[in-house]
Amino acid sequence: MMLFENFYEQCQLIEKKRTPDGLGGFTTTWEPGPEFMAAVIKDSSLQARVAQKEGVTEVYTVTFSKGLDLEFHDVFRRAKDGLTYRVTSNVKDSETPDGAGFQFGQATAERWDLPK
């Protein structure tokens with residue numbers, strides 16, 4: 001087990017589902033999807049703290065096993081506290097190369113509340 005895997009916690013994708021409302025529009029619901037393990041760490045750099053004071057949402061780094069297909073704007077919930085996050089980067093840009101001795105991917109995410 002790699003050191004970063006000690007920080008892994010249970011998470012679950014939350015999938016957006018649209019169904020016709022019968023009046024020409026759609027009803028949007030958010031439904032639980034697949035579970036996965038990830039480390040979700042808050043960015044506490046000076047730049048992140050200044051941005052947060054100016055109204056930018058909290059920023060996190062999410063580390064997970066390589067091959068997890070998180071995509072830009074995917075939404076997931078951390079099991080231990082029920083907090084919800086939205087991916088804000090392209091995961092494919094932050095994966096270890098195939099020849100690396102350890103394999104993981106990373107993404108940035110923001111704290112995000114599901115729309116009502």
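First, a word on what this report is: a plain description of the structure on this page. (Residues numbered from 1 in each chain as written. Predicted model: local features only at pLDDT ≥ 70, side-chain atom pairs only at ≥ 80, totals over all residues. Heavy atoms only, no water.)

### Some words on the overall build of the protein chain
What counts, and what does not: By definition, any uninterrupted DSSP run of H or I lasting at least four residues is a helix, any uninterrupted run of E lasting at least two residues is a strand, and each is numbered from the N terminus. Partly exposed residues are those whose accessible area sits between 20% and 50% of the maximum for their type, while under 20% is buried and over 50% is exposed, using a 1.4 Å probe and protein chains only. Contacts between residues were defined by any pair of non-hydrogen atoms, one from each residue, lying within 4.5 Å. When charges are counted, neither His nor the chain ends are considered; positive counts come from Lys and Arg and negative counts from Asp and Glu. The location of each charge is read from NZ of Lys, CZ of Arg, CG of Asp or CD of Glu.
Of the regular secondary structure elements, the protein chain holds one helix and six strands. Beginning at the N terminus, the succession of helices and strands in the protein chain can be written as β-β-α-β-β-β-β. Counting only C-alpha atoms, the protein chain reaches 55 × 35 × 25 Å along its principal axes. In the protein chain, which comprises 116 residues, the proportion classed as buried is 28%. Across the protein chain, contacts joining residues at least 24 apart in sequence account for 54% of those joining residues at least 6 apart. Distance between charge centres in the protein chain, computed from 14 positive and 18 negative side chains, equals 6 Å.

### Quick look at the pairing of strand β5 (residues 84–87)
If a strand is regular, its side chains alternate between the two faces of the sheet. Filter applied, for reference: Only strands joined by at least two bridges in the DSSP assignment are considered to pair.
Here β5 shows no split at all, with T84 and R86 on one side and Y85 and V87 on the other all buried. Alignment of strand β4 (residues 75–78) against β5, held across three bridges, turns out to be antiparallel. Residue V75 lies in a different strand from β5, and its bridge partner there is R86. Where β4 folds back onto β5 in an antiparallel hairpin, the turn is made up of five residues, including G82, whose phi is positive at roughly 75°. The sheet contact formed by β5 and strand β6 (residues 104–111) spans three bridges and is antiparallel. Residue pairing across strands places V87 opposite A109, the latter belonging to β6.

### Things to note about the pattern of salt bridges
So the rule is basically this: One side-chain nitrogen of Lys or Arg within 4 Å of one carboxyl oxygen of Asp or Glu is enough to make a salt bridge.
For the structure shown, the criterion picks out eight salt bridges. The partner of R86 in a salt bridge is E110, with the nearest N and O atoms 2.6 Å apart. Of the two residues, R86 sits in strand β5 while E110 sits in strand β6, which places them 24 residues apart along the sequence. You'll find R86 and E110 in the same group, each marked buried. Put simply, E9, R78, K80 and D81 are held in one network by salt bridges that share partners.

### Observations regarding the packing of aromatic side chains
Cut-off, in case you're wondering: Pairing of aromatic side chains requires ring centres within 6.5 Å, counting the rings of Phe and Tyr and the six-membered ring of Trp. Pairs whose planes differ by under 30 degrees are stacked, by over 60 edge-to-face, and all others tilted.
If you walk through the whole model with that rule in mind, you get four aromatic pairs. With a centroid separation of 5.7 Å and 65° between ring planes, the pair formed by F36 and F76 is classed as edge-to-face. Here F76 lies in strand β4 and F36 lies in strand β2 (residues 26–42), a separation of 40 residues in the sequence. Taken individually, F36 and F76 each receive the classification buried, so the pair is uniform in this respect. Relative to Y85, the ring of F76 lies with its centre 5.3 Å away and its plane at 25°, an arrangement referred to as stacked.

### Remarks on the sheet that holds β2
Under the convention used in this document: Whenever a helix is involved, its axis is fitted only over the stretch in contact; in every case the axis is a line through C-alpha atoms, and angles between N-to-C directions fall within 0 to 180 degrees.
In space, the six strands of this closed barrel follow the order β1-β2-β3-β6-β5-β4, with antiparallel pairing throughout. Averaged over all adjacent pairs, the angle separating strand axes in this sheet is 45°, with direction ignored.

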